[in-house]
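# Geometric and topological summary
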Amino acid sequence: MNKIKTSYTCQECGAQYSKWQGQCNKCQSWNSIHEEIVNISRKKTSFSSINNTNSNPQKINNIEINDHYRIITNDNEFDRAIGGGIVPGSLILLGGEPGIGKSTLFLQISLMLSNKVLYVSGEESEAQIKMRADRIKYNNDNCYILTENKIENIFHQVKKIKPHVLIIDSIQTLNSQLVDTASGSISQLKTCTSELINFAKTTSIPVLLIGHINKEGHIAGPKILEHMVDTVLQFEGDRNHFYRILRVKKNRFGSTNELGIYEMLNEGLKEIKNPSEILISSSNQKLSGSAISAIIEGSRPFMIEVQALVSSAVYGTPQRSSTGFNAKRLNMLLAVLEKRVGFKLGMKDIFLNITGGIKVEDTAIDLAIVSAILSSNNEIKIPEDYCFAAEIGLSGEIRPVQRIEQRIKEAEKLGFSKIFISKFNDKLTSKKIKVVALSKIDELIDHITR
Ligand code: TYD
Ligand code: MG
């Protein structure tokens with residue numbers, strides 16, 4: 001007999017209550033609690049009803065994996081980001097703002113793969129997907145498109161087509177007959193994801209999922225979705241710019257330090273093999289307020305340009321605006337400048353921009369940010385062959401950053417003549433590039449504002 005259960009679930013965080021209330025006690029959001037009729041048949045799940053495999057324990061030493069274990073997608077950025085290809089039986093979740101290119105990325109991967117793929121869309125029609133595919137120059141004769149949102153029907157088609165990879169766009173559009181709520185509700189998300197996990201683990205077919213994000217930038221639905229899957233990827237960038245970054249938030253089968261960089265072109269996403277060359281603005285005439293940093297995102301070093309504009313505040317409260325860099329950290333750096341060097345930036349508007357609309361998390365960019373601000377404030381140009389790589393501490397000390405050799409090498413390769421680093425980094429000398437080691441922020445001022 002089916003057990004009928006009603007529950008009041010917060011659509012933001014997944015907390016459950018026995019009766020309705022206006023505000024969620026857990027995440028404090030208002031009007032997010034909805035009644036859900038959860039009608040879970042205790043006997044079977046829809047996938048296990050068509051596939052009855054009994055799993056047996058195996059000795060760890062008897063389990064064999066070979067070199068060709070991972071499925072290579074031929075998209076080098078994607079393969080590297082996830083740790084060298086797709087692990088069979090794994091679930092990969094891709095999140096990102098609407099319109100950033102999630103569907104394009106997964107469709108492109110379907111067309112680049114040499115294996116049989118089933119791309120299921122609950123959002124677009126077959127013709128719309130075909131139109132998108134026509135823009136992308138790759139072609140895979142074994143790529144099947146299905147527009148469907150009932151998970152039972154998807155499993156039925158999978159049994160017929162037997163793909164090597166299953167792609168779902170998006171998890172929020174799926175629904176299962178096991179629960180009576182609408183697609184996108186918390187209980188649908190949980191049920192569909194656990195059915196897909198069950199499916200992936202029993203068949204070894206990997207599942208690539210697209211997930212929508214909510215207004216806070218998290219994958220819509222409770223965090224539980226991120227806990228359930230093996231890999232969580234985030235596609236980010238500024239929609240007005242061409243560059244897109246694929247960041248790894250969680251990876252059970254690889255490092256989370258990797259990232260992929262793409263450019264959104266008219267004919268799909270193009271891998272960017274040499275990021276430094278495009279992230280430095282191409283004008284030969286460098287103006288004041290621009291400084292270049294040698295950062296490391298993922299495992300690759302690259303050079304990126306920071307632009308700052310400091311001007312007198314016209315209206316009472318000075319404005320602080322930052323694109324691509326944490327605004328709180330910018331305020332901290334400004335406080336350090338004010339306190340330790342005596343720069344009166346309190347009555348100035350400060351705008352900061354990282355080229356390419358890329359969000360930088362590496363703190364080695366601090367020194368370039370401070371240099372760009374000082375350069376704009378004093379109207380002094382920083383020579384275009386100078387670059388910076390160091391963190392700044394609260395007392396104005398210039399702190400060392402990891403993997404300095406790699407940064408210096410990259411700067412050297414691109415023809416920079418001077419790199420400013422921390423005195424506390426290992427002493428490194430190089431013939432082609434002059435390494436300037438600083439210990440306090442005051443010393444930087446001597447170098448760039450003379
Ligand atoms: P899309 O993949 O639909 O985004 P998401 O699934 O994350 O919502 O991407 C849509 C944007 O990408 C749209 O603004 C058009 C653009 N685009 C290109 O610039 N070039 C292309 O080749 C394709 C297919 C899309
Ligand atoms: Mg989409």
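Rules of the game
Residues numbered from 1 in each chain as written. Chains lettered and ligands numbered in written order. Predicted model: local features only at pLDDT ≥ 70, side-chain atom pairs only at ≥ 80, totals over all residues. Heavy atoms only, no water. Buried < 20%, exposed > 50% of the residue type's maximum accessible area, 1.4 Å probe, protein only. Helix = DSSP H or I, 4+ residues; strand = E, 2+ residues; numbered from the N terminus. Pairing = 2+ DSSP bridges. Near = heavy atom within 4 Å. Polar contact = N/O pair within 3.5 Å; in protein donor to acceptor, adjacent residues only side chain to side chain. Areas by Shrake-Rupley, 256 points an atom, 1.4 Å probe, with all protein chains shown as cover. Salt bridge = Lys/Arg side-chain N within 4 Å of Asp/Glu carboxyl O. Core = buried A, V, L, I, M, F, W, Y, C linked by side-chain atoms within 4.5 Å. Domains from an automatic or database assignment. Contact = heavy atoms within 4.5 Å. Phe/Tyr/Trp six-rings, centres within 6.5 Å; stacked < 30°, edge-to-face > 60°.

### Side note on the pairing of strand β13 (residues 290-297)
Of all eight residues in β13, eight are buried, a share of seventy percent or more. Of the two faces of β13, the one lined by Ser 290, Ile 292, Ala 294 and Ile 296 and the one lined by Ala 291, Ser 293, Ile 295 and Glu 297 are each fully buried. Across eight bridges, β13 lies against strand β14 (residues 300-312) in antiparallel orientation. Across the sheet, residue Ala 294 finds its bridge partner in β14, namely Met 303. Where β13 folds back on β14, the antiparallel hairpin that results is connected by two residues, among which Gly 298 adopts a positive phi of roughly 70°.

### Points about the site of ligand 1
Around ligand 1, the surrounding shell holds 15 residues, and the nearest of these are Gly 99, Ser 103, Thr 104, Leu 265 and Gly 268. Ser 103 places a side-chain nitrogen or oxygen 2.6 Å from an oxygen atom of ligand 1. For ligand 1, a nitrogen atom lies 2.6 Å from a polar atom in the backbone of Leu 265. In the complex, 74% of the free accessible area of ligand 1, which totals 560 Å², lies under the protein chains. With three residues, the top contributor of residues to the shell around ligand 1 is helix α3 (residues 102-112).

### What to know about the pattern of salt bridges
All chains considered together, the criterion is met by 16 salt bridges. Notably, a salt bridge pairs Arg 247 with Glu 361, separated by 3.8 Å at the nearest N-O pair. You can see Arg 247 sitting in strand β10 (residues 243-251) and its partner Glu 361 sitting in the loop between β16 (348-354) and α10 (366-378), a full 114 residues away along the chain. Accessibility expressed as a relative area gives 6% for Arg 247, which makes it buried.

### A few points about the nonpolar core
By size, the foremost hydrophobic cluster in this structure holds 47 residues, and its most contacted members are Ile 304, Ile 365, Leu 367, Ile 369, Ile 373 and Phe 388. In terms of residue count, the dominant contributor to this core is α10 (seven residues). Both of domain 2 (42-48 + 71-273) and domain 3 (280-449) provide at least three residues apiece to this core. Contacts of Ile 365, omitting those with residues within four sequence positions, involve Ser 293, Ile 295, Ile 304, Val 306, Phe 325, Ile 354, Val 360 and Ala 390. Core analysis: the second largest hydrophobic core is formed by 30 residues, Phe 78, Leu 105, Leu 107 and Val 248 among them.

### Quick notes on the pairing of strand β20 (residues 418-422)
Taking burial as the measure, the five residues of β20 include five buried ones, the bulk of the element. Where strand β17 (residues 386-388) meets β20, three bridges bridge the pair, whose relative direction is parallel. Within β20, the position partnered with Phe 388 by the bridge is Phe 420. With five bridges connecting them, β20 and strand β21 (residues 434-438) associate as parallel partners. Opposite Phe 420, over in β21, you have Val 436 as the bridge partner.

### Side note on the packing of aromatic side chains
For the coordinates displayed, the defined rule picks out five aromatic pairs. On the basis of an interplanar angle of 35° and a centroid distance of 5.2 Å, the ring pair of Phe 155 and Phe 199 is categorised as tilted. Residue Phe 155 is located in helix α5 (residues 151-161), and its partner Phe 199 is located in helix α6 (residues 186-203); the two are separated by 44 residues in the primary sequence. Taking relative accessible area as the criterion, Phe 155 reaches 2% and is therefore assigned buried. Arranged with centres 6.0 Å apart and planes meeting at 80°, the rings of Phe 235 and Tyr 262 form a pair that is edge-to-face. With Phe 235 in strand β9 (residues 231-237) and Tyr 262 in strand β11 (residues 259-265), the pair connects residues that are 27 residues apart, well separated along the chain. Residue Phe 235 is classed as buried on the basis of its relative accessible area, which comes to 1%. Put simply, the rings of Tyr 386, Phe 388 and Phe 420 touch in pairs and so form one group of aromatic residues.

Keep in mind that these numbers describe shape and distance, not what the molecule does.
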